[in-house]
Amino acid sequence: MVDKPVEKPARRSSKVAPQPARAAGRRTKTDGPAKLFVLDTNVLMHDPMSLFRFEEHDVFLPMITLEELDNHKKGLSEVARNARQVSRNLDALASFTDAQGNIDAKAGIPLNKTGHKDAGGKLFFQTTLLDVDLPAGLPQGKADNQILGVVQSLRESHPDRDVVLVSKDINMRVKARALGL
């Protein structure tokens, strides 16, 4: 008869591994008014679901961003597919209108209307021309400069809120920092 080795039971530690207070990558709600994130087109084209990733904060889309999305949605590239997906997401959100079929631009559109439960903020579209005085050296017709102008105007009109530019464009971020935005 062959003796089998006796397996010892695994030792259990009496120590419990500390559990994180919240899920990784998740922040708790902040005190004070929600931040207002102004999105550059490249953010949406890189991640078409980025609209819904700002938790309780609000998102503002300048009209030039919509124009640029429209210009990039043709073709079979990933960028074109993403631009089309963003357009579909925006269309779904914009379908939530009042009895007259209008969007309440001042109240914003709740981002959770299309089932994105973690999106607690609202979507705002630029609906009026914003009066902006950017430095004379910045060409007014360039899309990046128009978005920088929107950020500056929003900061002036909403001094109680943090207005944050979100862009994947390094040079635009450098310009924004140079302008104090």
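Keep in mind the model is a prediction, meaning the values are calculated, not measured.

A. Looking closely at the overall build of the chain. Regarding its fold elements, the chain presents five helices and five strands. Listing each helix as α and each strand as β along the chain from the N terminus yields β-α-β-α-α-β-β-α-β-α. In the chain, which comprises 181 residues, the proportion classed as buried is 35%. The contacts in the chain between residues at least 6 apart in sequence include a share of 60% that link residues at least 24 apart.

B. Region of interest: the packing of helix 4 (residues 143–157) against helix 5 (residues 170–178). Here helix 4 crosses helix 5 at 40 degrees, and the two axes come no closer than 11 Å. Taken together, the axis directions place helix 4 and helix 5 in an arrangement best described as oblique. As for the relative orientation of helix 4 and helix 5, their crossing is right-handed in sense. Facing Asp 144, Asn 145, Ile 147 and Leu 148 of helix 4, the residues of helix 5 in contact are Met 172, Lys 175 and Ala 176. The class makeup of the residues in the contact of helix 4 with helix 5 is four nonpolar, one polar and two charged.

C. Representation of unusual backbone geometry within the structure. Of note, Glu 55 is a non-glycine position whose phi angle comes to about 50 degrees, a positive value. With respect to the secondary-structure elements, Glu 55 resides in the loop between helix 1 (41–46) and strand 2 (58–61).

D. Layout of the nonpolar core. Within the largest apolar cluster, 21 residues are counted, with the highest numbers of intra-cluster contacts made by Leu 39, Leu 51, Val 59, Leu 61, Leu 90 and Leu 123. With four residues, the top contributor of residues to this core is helix 3 (residues 78–94). Sequence-distant contacts of Leu 39, that is, excluding residues within four places in its chain, are made with Leu 44, Leu 51, Phe 54, Val 59, Phe 60, Leu 61, Pro 62, Thr 65 and Val 166. Counting residues in hydrophobic clusters, the runner-up holds 16 residues, among them Leu 36, Ile 64, Val 151 and Val 163.

E. Spatial organisation of the packing of aromatic side chains. For the structure on display, the rule yields one aromatic pair. Between the aromatic rings of Phe 37 and Phe 54, the centroid separation amounts to 4.7 Å while the plane-to-plane angle is 35 degrees, which identifies the pairing as tilted. Within this pair, whereas Phe 37 is found in strand 1 (residues 36–39), its partner Phe 54 is found in the loop between helix 1 and strand 2, the two being separated by 17 residues in sequence. Side by side, Phe 37 and Phe 54 carry an identical accessibility label, which is buried.

F. The pattern of salt bridges, seen in detail. Here the structure, examined in full by the defined rule, presents three salt bridges. Between Arg 53 and Asp 47 there is a salt bridge, and its shortest N-O distance comes to 2.7 Å. Taking the shortest distance from any N to any O, the salt bridge between Asp 58 and Arg 161 comes out at 2.5 Å. Here Asp 58, found in strand 2, pairs with Arg 161, found in the loop between helix 4 and strand 5 (163–166); they are 103 residues apart in sequence, far enough to count as distant. We classify Asp 58 as buried; its relative accessible area is 9%.

G. Geometry of the pairing of strand 4 (residues 122–125). Of the strand pairs in this sheet, strand 2 and strand 4 are connected by three bridges, and their pairing is parallel. Along strand 4, the bridge assignment pairs Leu 61 with Phe 125. Strand direction decides the pairing type here: strand 3 (residues 109–110) and strand 4, joined by two bridges, are antiparallel. Among the inter-strand pairings, Ile 109 is bridged to a residue of strand 4, identified as Leu 123.

What counts, and where the lines are drawn
Residues numbered from 1 in each chain as written. Predicted model: local features only at pLDDT ≥ 70, side-chain atom pairs only at ≥ 80, totals over all residues. Heavy atoms only, no water. Helix = DSSP H or I, 4+ residues; strand = E, 2+ residues; numbered from the N terminus. Buried < 20%, exposed > 50% of the residue type's maximum accessible area, 1.4 Å probe, protein only. Contact = heavy atoms within 4.5 Å. Axes fitted to C-alpha atoms, helices over the stretch in contact; angles between N-to-C directions. Parallel < 35°, antiparallel > 145°, perpendicular 65-115°, else oblique. Left-handed = near helix turned anticlockwise from the far one by under 90°. Nonpolar A, V, L, I, M, F, W, Y, C, P; charged D, E, K, R; others polar. Core = buried A, V, L, I, M, F, W, Y, C linked by side-chain atoms within 4.5 Å. Phe/Tyr/Trp six-rings, centres within 6.5 Å; stacked < 30°, edge-to-face > 60°. Salt bridge = Lys/Arg side-chain N within 4 Å of Asp/Glu carboxyl O. Pairing = 2+ DSSP bridges.

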